[in-house]
Amino acid sequence: MENTAMTPLTADEIDALDELDLDRLDEAELKCLYERVRLTYPILEAEEPEDEDSEAYQLWQESLETLDDYLDELTERLA
């Protein structure tokens, strides 16, 4: 997570969050990740698929839950 530009996370980066070891990140990296997750959340939220029964909706929901979990975890670590 060495990206210094505050850009939203890509779909691949969201998928890779589950394998990210937060214990290996220093405070600056945690803050950067927090800001990128925070930027990504409303963008992803706005992309909600219309068909709630579709696979796309389930994947979207899982990604949104992952971001939500990371916002909570990062907020706790940075407090």
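Residues numbered from 1 in each chain as written. Predicted model: local features only at pLDDT ≥ 70, side-chain atom pairs only at ≥ 80, totals over all residues. Heavy atoms only, no water.

A. Focus on the overall build of the protein chain. A tally of regular secondary structure across the protein chain gives three helices and zero strands. Element order for the protein chain, N to C, with α for helix and β for strand: α-α-α. Its C-alpha radius of gyration of 13 Å places the protein chain within 12% of the 12 Å reference for a compact globule of 79 residues. Over its C-alpha atoms, taken along the principal directions, the protein chain stretches across nearly 40 × 20 × 20 Å. Within the span of the protein chain, comprising 79 residues, buried residues form 30% of the whole. Restricting the contact set of the protein chain to residue pairs at least 6 apart, pairs at least 24 apart contribute 72%. When the accessible area of the protein chain is evaluated, it comes to approximately 5,500 Å², of which 43% is carbon and sulfur surface. Each charge sign in the protein chain was given a centre, from 5 positive and 27 negative side chains, and these centres are 13 Å apart. (Helix = DSSP H or I, 4+ residues; strand = E, 2+ residues; numbered from the N terminus. Rg over C-alpha atoms; globule rule 2.2 N^0.38 Å. Buried < 20%, exposed > 50% of the residue type's maximum accessible area, 1.4 Å probe, protein only. Contact = heavy atoms within 4.5 Å. Areas by Shrake-Rupley, 256 points an atom, 1.4 Å probe, with all protein chains shown as cover. Lys, Arg positive; Asp, Glu negative; His and termini not counted. Charge placed at Lys NZ, Arg CZ, Asp CG, Glu CD.)

B. Looking closely at the side chain of Thr 66. The topology assignment puts Thr 66 in helix H3 (residues 55–78). Taking relative accessible area as the criterion, Thr 66 reaches 15% and is therefore assigned buried.

C. Main features of the pattern of salt bridges. Scanning the model with the defined rule gives five salt bridges in all. A salt bridge links Lys 31 to Glu 27; its shortest N-O distance comes to 3.3 Å. Here Lys 31 pairs with Glu 27, and both are found in helix H2 (residues 27–46), just four residues apart, close to one helical turn. By relative accessible area, which is 43% here, Lys 31 ends up partly exposed. Relative accessible area serves as the criterion here: at 47%, Glu 27 is assigned to the partly exposed category. A salt bridge links Glu 35 to Arg 38; the nearest nitrogen and oxygen atoms lie 2.6 Å apart. Taken together, the residues span about one helical turn, with Glu 35 and Arg 38 both in helix H2 at a distance of three residues. Of the residues examined, Glu 35 reaches a relative accessible area of 27% and is grouped as partly exposed. Exposure remark for Arg 38: the relative accessible area of 40% places this residue in the partly exposed category. Overlapping salt bridges bring together Asp 23, Glu 73 and Arg 77 as one network. (Salt bridge = Lys/Arg side-chain N within 4 Å of Asp/Glu carboxyl O.)

D. Quick peek at the environment of Ser 54. Its location among the elements puts Ser 54 in the loop between H2 and H3. From its side chain, Ser 54 meets the backbone oxygen of Asp 51 in a polar contact 2.8 Å long. A polar contact of 3.1 Å, which involves the side chain of Ser 54, links it to the backbone nitrogen of Tyr 57. (Polar contact = N/O pair within 3.5 Å; in protein donor to acceptor, adjacent residues only side chain to side chain.)

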